[in-house]
Amino acid sequence: MKKAASIFWVSLGLLLLLFTAACGPEENFSDDSLGSSYAGDPLFQSYYDSLGGQQSLGAFISDVIQKDGLDCQYTENALLCHDPQKRSDQGFSLYPLGRELQITDVQDAQRKPGDAAQTNNGFWVFAPFVEPAQKFGAGKPLSRYWHDYENQQTQQWFETVGFYTRFDDPTQQVHLLPYGRMACKAECGPGTIVPDLAIPQQRSANPILEQLDRLQNARVLGRQLTDMYQASDGYQQVVFENAVVFLDPTSNQISLRPLSQLLNLYSDLPGPPKYNRKDKMVFYPLSDGRGFHVPVDFDNFLNQTISGQDLAGNPISAVYTVSDTIARQNFENVAVEYHRDSPPEYRVRLAPIGRQYLEKFGQPTGPSAPPPVQPEAQPPAETPAEPQPAEAPQELPSAPAPQEPQLAEPSKSSDSGQLGFLYRSAAEIQEGTDFKVYLLVFDNMNLRPAKGVRARIELNVLGKTSTYEYKFQATNSYGWTAVVVPPLPDAADSNVVNYKICVEQPAGEDICEEDSFLVWNPR
């Protein structure tokens, strides 16, 4: 299976040479306008055309008006003006609508983002905006450039015009923000639609978004689905299409929710190292010399966008096929996919598991106190249809997916000693399938999650002498861990398997709970 995956990823590398870059369709904020009934005054026609005409400035949305002693006319994205004291072929300029919109922002100080080109007026200018700013006479920047995750744009606001590029456009073509429609009031027709854009001084403080701007390419997180809100564990978080970002109040640093646990994503048992970069694979060791092979394309993508394992977490599965054209690998906090039929620059991407999280858990209507045991970290119900385990889509047929048992209700917690724990498992296991157990460990004194705690599970088939022991990985910062037990060699149809879960305490004896499950064969 691993060798097939290796061949698959080598072939993917060769396929990259067969595609050329593709640009997304042009987007303009004027798409939602109702159509303009205004014609451009002949006075402005040459100036209008010199700046790109309707493609850049949008349609005219007003008659000629008087403003500050100037003759002016609104377009969707700017206000064109002419000084009547000067000749008709001179004295043209764009009115500083940015000042009229009262755009203000905190200056960048000494911070130099990686994709900035130069500083002006205390703000770093986004590299693609430097040349257009000169062409349009944009004046001084009035804001930092920032990533608008809701509209999937990078924006920066200047005195006379504002600029944006689209996240999904690798060419970073520059468009104008709709200053004209935002500033034009009584002078414009009743059909003019004002876009729903938050100008800088209207934005509420969002420390999560502020920190995302420090990442190499946080745009891969996808569209912002919620504003910052307080989750049920008391942490502030923002849900994106591909991840859930929260702010740790103790360190004031952002991190990602462990969606692999919360959504019960497909997982495998780690294995020994077999391949290296010559095979287009990177081995991620986990424990006892075992781990997962990650395709080089996935490893590069994570390191170049969200700081690699620091935010993605450890892999929890090998590469598996989602469809004939999509391969996927799950990590603790994100899932990475390869889309064979997409243009090269879009082939490796994050899967939309943030949207899946929002659909499952919803967004609280208001802040709530942290509960005794964090419900957001509950192991979710099994998905009805898991994807196929990893095989090369065009080379080998996929093996049938292991069928996960339905989860039983959580057991009672063990509350003796300093630590307490809850576990969840299945009451019946199909013969020949894995046995999965989720474990949540917490401090009995304050009911907060216990991090770094180790545990084990011991299993014995009733009436037989063999005992099997497997160790959980240390609990994460939410107190959660899980273990997957492979099929027991001496467990057959109708056997009862007794098992005992023991949690190691920092001081004192281990705390243990016993339970059992039934092995059955559906044939």
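Each chain has its residues counted from 1, running along the sequence as written. For a predicted model such as this one, the threshold for reporting local features is a pLDDT of at least 70, and the threshold for listing and counting side-chain atom pairs is 80 or more; totals across whole chains, interfaces and linings nevertheless cover every residue. Where side-chain values are given, they derive from all heavy atoms of the structure, hydrogens and water being excluded.

(A) Spatial organisation of the packing of aromatic side chains. Here a Phe, Tyr or Trp ring, Trp counted by its six-membered ring, pairs with any other such ring whose centre lies within 6.5 Å, and the pair is stacked when the planes are under 30 degrees apart, edge-to-face when over 60, and tilted otherwise. Counted under the stated rule, the structure contains 18 aromatic pairs. Connected via pairs of aromatic rings, a cluster forms that spans Phe126, Phe129, Phe136, Tyr145, Phe158 and Phe163. Sitting above the plane of the Phe246 ring, Arg257 keeps its charged end 4.7 Å from the centroid. Two limits define a charge over a ring: the Lys NZ or Arg CZ must be within 6 Å of the ring centre, and within 35 degrees of the ring normal. Sitting over the ring of Phe361, Lys360 keeps its end group 5.9 Å from the ring centre.

(B) Focus on the pattern of salt bridges. Salt bridge, as used here, is a side-chain nitrogen of Lys or Arg placed within 4 Å of a carboxyl oxygen of Asp or Glu. The final tally for this structure, using the stated rule, is 11 salt bridges. The partner of Lys67 in a salt bridge is Glu100, with the nearest N and O atoms 2.9 Å apart. Of this pair, Lys67 sits in strand 1 (residues 65–67) while Glu100 sits in helix 4 (residues 97–100), placing them 33 residues apart in sequence. The classification of residues rests on relative accessible area computed with a 1.4 Å probe and restricted to protein chains. Under 20% of the type maximum is buried, over 50% is exposed, and intermediate values are partly exposed. Judged by its relative accessible area of 15%, Lys67 falls in the buried class. Residue Arg456 is joined to Asp510 by a salt bridge in which the shortest nitrogen-to-oxygen separation is 2.9 Å. Taken as a pair, Arg456 in strand 24 (residues 455–461) and Asp510 in the loop between strand 27 (496–503) and strand 28 (511–520) lie far apart in primary sequence, 54 residues in all. Given a relative accessible area of 19%, Arg456 falls into the buried group. Note on Asp510: relative accessible area 32%, which makes it partly exposed. In the salt-bridge network here, residues are joined through shared partners; they are Arg456, Glu458, Lys500 and Asp510. Helix and strand assignments come from DSSP, with helices taken as H or I runs of at least 4 residues and strands as E runs of at least 2, each series counted from the N terminus.

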